[in-house]
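Single-letter residue listing:
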Amino acid sequence: MITISGGILRSLSHGRLFATLCLTLSALWCGSGLVYILAGQNVLQPLELRSALIPGLAAFTLALLIIGSVAVIEKKTVLFLIAVGISLACAHQIAGLVAAGFGQSATAANYLLVCLLGVYFGFGRLLSTITHGKVVPPGTSQQSKTGVKTEQNQGCSDVASVGLVMNLLSASVLACPLLGVVPTLFVGHVPWLWTAGVFQLGACVLLYRAMDTLGATFYGFVALLKFAEGYSALLTFYGIQTDSPVPFPVVFSLLFFTLALFSFQKSFLEGLYHLFFVAYCIALAVEPQGFFQAGTQGVQGAIFVVSAGMLSLTAYNMVSTSMVPTGSGYFKALVSRLQGITLRAQDKEQHSPYLGYSKYADAEVLGHACSVLAAFAMTATLGDRNPLSVLVLPWVVVAGGALQLLCGSVAFSRGKSLESTVFILYGMMWTVWGLTRYAGLYGETRGFNLAVGIIGFILFNSLVIVAAMFLNLAWFAYALTFQLILISFLLDALGVLPFGYDIGVTILFGVVSFYCFLAHLFNSTFQVPQIPLGKPLIKLSGIGGGSKVCPHLPARKASSVQQIAEIMKNGGICGMPTDTVYVLVAACNRPEAVVKAYNVKKAAQDRPMSMWISSIKQLEPVRHLLNPLLLDFMEAAWPSSISMVIPRGPWMDIFGLGDAAKHIGTPQSIAIRNPDCTVATYLISQVEEKEVGPIAVTSANPTGEADTTHHNQLYAKLGNKVDGVLCDGASPENIASTVVDCTKIETGHIGFFRVGIIPKSKVISFSIFDHAQCQFGVTLQLKLLAPVFVF
């Protein structure tokens, strides 16, 4: 069914609502399928199947009915039939579980209706494709461009809608025991709860891609609750009743409350919705048996009702042109009346990558919050109880482990090497130690073998501490306090742990983590004031020292290229990607910039700079001074990774180089090139003035070092010496250009100073030489010359 739904997704004018429906159905069949697998493996008894299925089916019945209602309001017949058909199928399936044999035919009839609908649309789209749009069955036409544009401006409401459906699902499972629908929470509910957790982790990742840090953090938090709920239900199969320690849910409620306050900037209703989860965590703190007691289940009943309302509102606003107000401007209006407070603009530019290009927002808020959760969960003492009975394992393994690994991956994609290393290293440590201590694997094992592993983590973290000294004081304190936790693990392994030391250092680490969490959340919301993270304890050139010297901009944005062009017009030098390796560039009509680039490069006299143009049209003012055969060769060979060494002449004076001309080429010749690179040619065209504006180019590495093939290398080597860097990741090629000697091309002689990415055979294959032989009576002769240093 999902395959059929996905196949017709692009043919509808309401793709976002349909995407919500597809993901909802995927969760429905994933959860119910796992329940049937448990029954097939005799984990569930036949009489328990009813109690396992009804809570989940009830949630999806309501969710699909809401989606169908929104569809019919917006006159989207297809969605209405699919959503309401499967909703009725779930309702009849519940009826069949309550009264054996009742409603089974109706369930099958509803599913058959949806299947026929999918076949009709699939056939309609296939027929339209085969006939090139000449035959289009009713209702199967392609979506209009206007609809696509409207929906692209809607943000990621479909992701938020799926997250709300998952909250509805888990709330139904938790509230049903309170209502007497099922006897109690048990192992049959684990598939529903963990399905909700997995889908909410997916929503977390997608919201990071949508540059929504607050939404991603919220769904990361609620996913943790789903995994903990499922863990508690799973242990009932082994006759273990979980005990919820007080410190953790109290801290979790504080984190949720802080997040809720900042969520008011998105909308007033969203902030209020998050407050219900604050109440839920408080209920967990006051109930010794956590998820199994009436107070907690009562709050989940309230969350069920509120989630249904939020789902209706979000789904309607996602497809309707008349938006229902959610109070999105209240927070901004309140802050605007306060003196000395300025909101940060909430746009994608806020999450410009640290280095290069990234599709994700910053994940430090969730990463530090997970450290807080894992740290305070570890303060729980086991005593003589079974370690599995203390509800700590999911908080440490999922929050401290899995989610920090996710945050580390996001940080890595943003070019934050240290942050990603820290989150991944600490995530591994929380996972290993959590499983060892709270999964019953530790036992009475103490000694050298365990200590060796912990010492390995201590050594790795020592390197992290040193590296954090180059970042800021907050990250240094974060890494240092975690080292104290590792030392407590080592002392415990050796059996010499002082009383209370582990609790003390864990709380200290938790407090530092909470400060980092609050600082990143506060600073991403307000431009003024800022919660200080501190300056680097050690500052060097390169990444640490150069990060405040020049802008590093993603090359894939036209605005970034224009910004670099303005820097060059004002006499700056910049690094940029090309069709080969990274280079340093300066505008030829800014002689002082050419001299600066030459000095920064520290080029040797036998390795001069070269000249690049955006197209052969830039040579129009001097065309009458160049050999016609050379011009024909340029037109045939460019744009490409071919550099041509041509005779030097008075024609260079027109480019405004002045005395800086001595740094380009030799007294007899210069190298010129039209690169086959969109970024490079666009930048040159932006720099040019009066249609004349070549740039001077040299390699982006100190003389004697290897070519620079990544913007990180350029920034590390010359970040404090250049005025800007265009970042585009790894170079497409690690080989420099092919350099052809064209100084004697009028006599039919060309040579090769260097055979680079373009082979000889391709150079001589250009038809220009055949044309030249007929028109000018010259014969092509090839020779390999001494190497030259051009790009």
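Up top is the structure these notes are about.
Quick summary incoming for the structure in this document. (Residues numbered from 1 in each chain as written. Predicted model: local features only at pLDDT ≥ 70, side-chain atom pairs only at ≥ 80, totals over all residues. Heavy atoms only, no water.)

**So, the packing of aromatic side chains**
Here a ring pair, both rings aromatic, is described through the centre-centre distance and the interplanar angle of the planes.
Point 1. Tallied over the entire structure, the rule returns 32 aromatic pairs.
Point 2. The residue whose ring lies beneath Arg209 is Tyr360, and the NZ or CZ to ring-centre distance is 5.4 Å. (Phe/Tyr/Trp six-rings, centres within 6.5 Å; stacked < 30°, edge-to-face > 60°. Lys NZ or Arg CZ within 6 Å of the ring centre and 35° of its normal.)

**Structural notes on helix α2 (residues 15–40)**
Point 1. Taking 1.5 Å as the rise per residue, α2 with 26 residues should run 38 Å; its terminal C-alpha atoms sit 37 Å apart, in good agreement.
Point 2. One or two residues past the end of α2 sits Asn42, with phi positive at roughly 65°. (Helix = DSSP H or I, 4+ residues; strand = E, 2+ residues; numbered from the N terminus. Expected span 1.5 Å × (residues − 1).)

**Thoughts on helix α7 (residues 157–179)**
Point 1. Across its 23 residues, α7 extends 32 Å between first and last C-alpha, which sits within 8% of the 33 Å expected from 1.5 Å per residue.
Point 2. The sharpest bend along α7 measures roughly 25° and falls at Val173, with the proline Pro177 sitting one to four residues further on.
Point 3. Buried residues dominate α7, accounting for 20 of its 23 residues.
Point 4. Phi turns positive, to about 80°, at Gly180, one or two residues after α7. (Bend = angle between axes of the 7 residues up to and from the residue. Buried < 20%, exposed > 50% of the residue type's maximum accessible area, 1.4 Å probe, protein only.)

**Digging into the side chain of Thr107**
Point 1. By the element assignment, Thr107 lies in helix α5 (residues 104–130).
Point 2. What makes Thr107 buried here is its relative accessible area of 8%.
Point 3. Here Thr107 is in contact with Ala89, His92 and Gln93, once residues within four sequence places are set aside. (Contact = heavy atoms within 4.5 Å.)

**Quick word on the nonpolar core**
Point 1. Within the largest apolar cluster, 163 residues are counted, with the highest numbers of intra-cluster contacts made by Tyr208, Phe252 and Phe256.
Point 2. Sequence-distant contacts of Phe256, defined by excluding residues within four places in its chain, comprise Phe218, Phe221, Val222, Leu225, His274, Phe277, Val278 and Cys281. (Core = buried A, V, L, I, M, F, W, Y, C linked by side-chain atoms within 4.5 Å.)

**Quick look at the pairing of strand β7 (residues 642–647)**
Point 1. Most of β7 is tucked away: five of the six residues are buried.
Point 2. Bridge analysis of β7 against strand β11 (residues 738–741) gives four bridges, and the strand direction is parallel. Opposite Met644, over in β11, you have Val740 as the bridge partner.
Point 3. Looking at chain direction, β7 and strand β8 (residues 669–673) are connected through four bridges and run antiparallel. Considered in β8, the bridge of Val645 is made with Ala671. (Pairing = 2+ DSSP bridges.)

**Re the pattern of salt bridges**
Point 1. Taken as a whole, this structure holds ten salt bridges when the rule is applied.
Point 2. A salt bridge links Glu364 to Lys416; the shortest N-O distance between them is 2.8 Å. Taken as a pair, Glu364 in helix α14 (residues 364–377) and Lys416 in the loop between α15 (393–413) and α16 (417–438) lie far apart in primary sequence, 52 residues in all. With respect to class, Glu364 is no different from Lys416; both count as buried.
Point 3. Ionic pairing is found between Arg556 and Asp728, a salt bridge with its closest N-O pair at 3.4 Å. Placement of the pair is Arg556 in the loop between β3 (552–554) and α21 (558–569) and Asp728 in the loop between β10 (724–727) and β11, with a sequence separation of 172 residues.
Point 4. Using a relative accessible area of 56% as the deciding quantity, one classes Arg556 as exposed.
Point 5. One connected set of salt bridges, linked through shared partners, spans Asp362, Glu364, Arg414 and Lys416. (Salt bridge = Lys/Arg side-chain N within 4 Å of Asp/Glu carboxyl O.)

**Notes on empty space enclosed by the protein**
Which parts of space are left empty comes out when a probe the size of a water molecule is rolled across the atoms.
Point 1. Taken as a whole and judged by the stated rule, the model has two cavities of 30 Å³ or more.
Point 2. Space inside the largest cavity adds up to approximately 40 Å³.
Point 3. Around the largest cavity, the lining residues are Met378, Arg437, Ser488, Phe489, Asp502, Ile503 and Thr506.
Point 4. Of all the elements in the fold, those that place two or more residues in the lining of the largest cavity are α18 (473–494) and α19 (501–523).
Point 5. The element best represented in the lining of the largest cavity is α19, accounting for three residues.
Point 6. Residues of the lining of the largest cavity, tallied by class, amount to three nonpolar, two polar and two charged. (1 Å grid on protein atoms, 1.4 Å probe; cavity = no way out; pocket = protein on both sides within 12 Å on 5 of 7 lines; lining within 4 Å. Points joined across faces, edges and corners; volume = space filled by probe spheres on them. Nonpolar A, V, L, I, M, F, W, Y, C, P; charged D, E, K, R; others polar.)

**Describing unusual backbone geometry**
Excluding glycine, residues mostly have negative phi values, and the peptide bonds linking residues are mostly trans.
Point 1. Cis geometry marks the peptide bond from Val528 to Pro529, where omega comes out at -5°.
Point 2. With respect to the helices, strands and loops of the structure, Pro529 is situated in the loop between β2 (526–528) and α20 (543–546).
Point 3. A cis geometry characterises the amide bond from Trp638 onward to Pro639, with omega recorded as -5°.
Point 4. Inspection of the secondary structure puts Pro639 in the loop between α23 (628–637) and β7.
Point 5. A positive phi angle, close to 60°, is found at Lys75, a residue other than glycine.
Point 6. Positionally, Lys75 belongs in the loop between α3 (48–73) and α4 (77–98).
Point 7. Phi is positive for Met211, which is not a glycine, with a value near 60°.
Point 8. With respect to the helices and strands, Met211 occurs in the loop between α8 (190–209) and α9 (213–235).

**Some details on the environment of Ile642**
Point 1. Mapped onto the elements, Ile642 comes out in strand β7.
Point 2. The sequence separation of Ile642 and Ile758 amounts to 116 residues, and the corresponding C-alpha distance is 6.9 Å.

**Section: the environment of Leu497**
Point 1. Topologically, Leu497 is positioned in the loop between α18 and α19.
Point 2. The exposure class assigned to Leu497 is partly exposed, which follows from its relative accessible area of 26%.
Point 3. Between the alpha carbons of Leu497 and Ile487 there is a distance of 9.3 Å; along the sequence they are ten residues apart.
Point 4. Here Leu497 is in contact with Ser488, Leu491, Asp492 and Asp502, once residues within four sequence places are set aside.

**A word on a nonpolar patch on the surface**
Point 1. A cluster of nonpolar side chains, namely Leu178, Leu179 and Val181, defines an oily patch on the protein surface of about 270 Å² accessible area.
Point 2. Taking relative accessible area as the criterion, Val181 reaches 31% and is therefore assigned partly exposed. (Patch = residues over 30% accessible without salt bridge, like charges linked within 9 Å, V, L, I, M, F, W, Y side chains within 5 Å. Areas by Shrake-Rupley, 256 points an atom, 1.4 Å probe, with all protein chains shown as cover.)

**Quick notes on the side chain of Thr481**
Point 1. By the secondary structure assignment, Thr481 is in helix α18.
Point 2. Here Thr481 falls in the buried class, since its relative accessible area comes to 7%.
Point 3. Side-chain polar atoms of Thr481 contact the backbone oxygen of Tyr478, separated by 3.1 Å.
Point 4. Setting aside chain neighbours within four positions, we find Thr481 in contact with Leu508, Phe509 and Val512. (Polar contact = N/O pair within 3.5 Å; in protein donor to acceptor, adjacent residues only side chain to side chain.)

**Description of the packing of α14 against α15**
Relative orientation and spacing of two packed helices are given, respectively, by the angle between their axes and the distance between those axes.
Point 1. The contact between α14 and α15 brings their axes to 8 Å, and the two run at 160°. As judged from the angle between their axes, α14 and α15 are roughly antiparallel. Once α14 is placed against α15, the crossing between them reads as left-handed. Together, Leu366, Gly367, Cys370, Ser371, Leu373, Ala374 and Ala377 of α14 and Trp395, Val396, Ala399, Gly400, Leu403, Gln404 and Cys407 of α15 make up the contact between the two elements.
Point 2. Broken down by class, the residue content of the contact of α14 with α15 amounts to ten nonpolar, four polar and no charged. (Axes fitted to C-alpha atoms, helices over the stretch in contact; angles between N-to-C directions. Parallel < 35°, antiparallel > 145°, perpendicular 65-115°, else oblique. Left-handed = near helix turned anticlockwise from the far one by under 90°.)

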